[in-house]
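Commentary on secondary and tertiary structure
These are the residues of each chain, in order.
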Amino acid sequence: DTAVSQTPKYLVTQMGNDKSIKCEQNLGHDTMYWYKQDSKKFLKIMFSYNNKELIINETVPNRFSPKSPDKAHLNLHINSLELGDSAVYFCASSPFTNTEAFFGQGTRLTVV
Amino acid sequence: AQSVTQPDIHITVSEGASLELRCNYSYGATPYLFWYVQSPGQGLQLLLKYFSGDTLVQGIKGFEAEFKRSQSSFNLRKPSVHWSDAAEYFCAVAISSSNTGKLIFGQGTTLQVKP
């Protein structure tokens, strides 16, 4: 079974659209994250949730809204997509903060 | 601000040769340290981690890393590289005093393996 799974794997959409990426982990972890990997492969954290509560919002535009309906899920909704949002988005989880994170396969978002 | 530097953007080694990937961090105290590997089109897989204790840590796939406090380094090594090791390698730190779990990543090193 996949530990951290994201859907979809690829997402191509037009500017101005709204899209969501879903993430689920079956590891029983308390903490979940969204990371963004840009075209130069640089990884940066966007959000961190612990027990469904937001603990990091790393100066991400408010067009990005994470939602955690329960500890096992952390979805990412993006409004009014822009060309600069094109990237690979990774969901991750960890048993608690300050331990290793387990990453999903990533969602490659292309905005055209 | 905390930062992680991987000085080598791209490294090419011959199959069977030894490998060392460099990682330096900037942080006042001892951070938690990690190495991840990303194969093309894949997510990140944890190779190894250092929290405390023995400064030489063993990981999966025959990798090891050594924490050197005096040099603020956490270099990754492998004695004999296999063609399947070709991938992107990321060093990361978590701030031990933080309770956020935030990982700060280096810019990555692309490893190419020659037959």
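Below is a summary of the structure that appears in this document. Just so it is clear, the model here is predicted, and its values are computed rather than measured.

1. Side note on the overall build of chain A
Counting its regular elements, chain A contains 0 helices and 11 strands. For chain A, the sequential pattern of α-helices and β-strands runs β-β-β-β-β-β-β-β-β-β-β. Taking 2.2 N^0.38 as the reference for a compact globule, 112 residues should give roughly 13 Å; the C-alpha atoms of chain A span a radius of gyration of 13 Å, in line with that estimate. The principal-axis extent of the C-alpha atoms belonging to chain A is close to 35 × 30 × 25 Å. Counting over 112 residues, chain A shows a buried share of 46%. Of the roughly 5,500 Å² that chain A leaves accessible, carbon and sulfur atoms contribute 50%. The distance from the centre of the 12 positive side-chain charges to the centre of the 11 negative ones in chain A is 7 Å.

2. Let's talk about the interface of chain B and chain A
At the interface, 25 residues of chain B touch 22 residues of chain A. For the chain B and chain A pair, buried surface summed over both sides reaches about 1,900 Å², with 52% attributable to carbon and sulfur atoms. The interface formed by chain B and chain A contains 3 salt bridges. Scanning the region where chain B abuts chain A turns up 6 residue pairs in polar contact (both at pLDDT 80 or more). When contributions to the side of chain B that touches chain A are tallied by element, the ones reaching two or more residues are β5 (32-38), β6 (44-50), β10 (87-94) and β11 (103-105) of chain B. Broken down by element, the side of chain B that touches chain A gets its largest block of residues, 4 residues, from β5 of chain B.

3. Quick notes on the state of the cysteines
Residue and element names in this part refer to chain A. By the definition in use, this model includes 2 disulfides over all chains. One disulfide bridge connects C23 with C91, the sulfur atoms lying 1.8 Å from each other. Since a negative S-S torsion denotes a left-handed disulfide, the C23-C91 link at about -75 degrees is left-handed. You can see C23 sitting in strand β3 (residues 19-25) and its partner C91 sitting in strand β9 (residues 87-94), a full 68 residues away along the chain.

4. Here we look at the side chain of H29 of chain A
All names here are of chain A. Tracing the chain through its elements places H29 in the loop between β3 and β4 (31-37). With relative accessibility at 8%, the residue H29 sits in the buried group. Within the structure, H29 has its side chain in polar contact with the backbone nitrogen of S94 (distance 3.4 Å).

5. What to know about the sheet that holds strand β7 (residues 64-70) of chain A
All names here are of chain A. What the 4 strands build is an open sheet, ordered β1-β3-β8-β7; its pairing is antiparallel. Each edge of the open sheet carries a strand with a single partner, namely β1 (4-7) and β7. Across the sheet, the mean angle from the axis of one strand to that of its neighbour is 20 degrees, orientation sign disregarded. One ladder, built from 5 bridges, connects β7 with strand β8 (residues 73-78); its direction is antiparallel. The residue bridging F64 from the neighbouring strand is I78, located in β8.

6. Description of the layout of surface pockets
Roughly 410 Å³ of internal volume is contained in the largest pocket. In terms of lining residues, the largest pocket is bounded by 25 residues, among which Q37, V88 and R108 of chain A together with Q38 and G41 of chain B are the most central. Within the residue set of the lining of the largest pocket, elements represented by two or more residues are β9 and β11 (107-111) of chain A together with β10 of chain B. Here the element with the most residues in the lining of the largest pocket is β11 of chain A; it accounts for 4 residues. Among the residues making up the lining of the largest pocket, the classes are represented as 8 nonpolar, 12 polar and 5 charged. Of the volumes computed, that of the second largest pocket is approximately 200 Å³. Lining the second largest pocket we find K36, D38, F42, K44, I45, M46, E58, T59, V60, P61 and F64 of chain A.

What counts, and where the lines are drawn
Residues numbered from 1 in each chain as written. Chains lettered and ligands numbered in written order. Predicted model: local features only at pLDDT ≥ 70, side-chain atom pairs only at ≥ 80, totals over all residues. Heavy atoms only, no water. Helix = DSSP H or I, 4+ residues; strand = E, 2+ residues; numbered from the N terminus. Rg over C-alpha atoms; globule rule 2.2 N^0.38 Å. Buried < 20%, exposed > 50% of the residue type's maximum accessible area, 1.4 Å probe, protein only. Areas by Shrake-Rupley, 256 points an atom, 1.4 Å probe, with all protein chains shown as cover. Lys, Arg positive; Asp, Glu negative; His and termini not counted. Charge placed at Lys NZ, Arg CZ, Asp CG, Glu CD. Contact = heavy atoms within 4.5 Å. Buried area = accessible area lost by both parts, 1.4 Å probe. Salt bridge = Lys/Arg side-chain N within 4 Å of Asp/Glu carboxyl O. Polar contact = N/O pair within 3.5 Å; in protein donor to acceptor, adjacent residues only side chain to side chain. Disulfide = S-S within 2.5 Å. Pairing = 2+ DSSP bridges. Axes fitted to C-alpha atoms, helices over the stretch in contact; angles between N-to-C directions. 1 Å grid on protein atoms, 1.4 Å probe; cavity = no way out; pocket = protein on both sides within 12 Å on 5 of 7 lines; lining within 4 Å. Points joined across faces, edges and corners; volume = space filled by probe spheres on them. Nonpolar A, V, L, I, M, F, W, Y, C, P; charged D, E, K, R; others polar.

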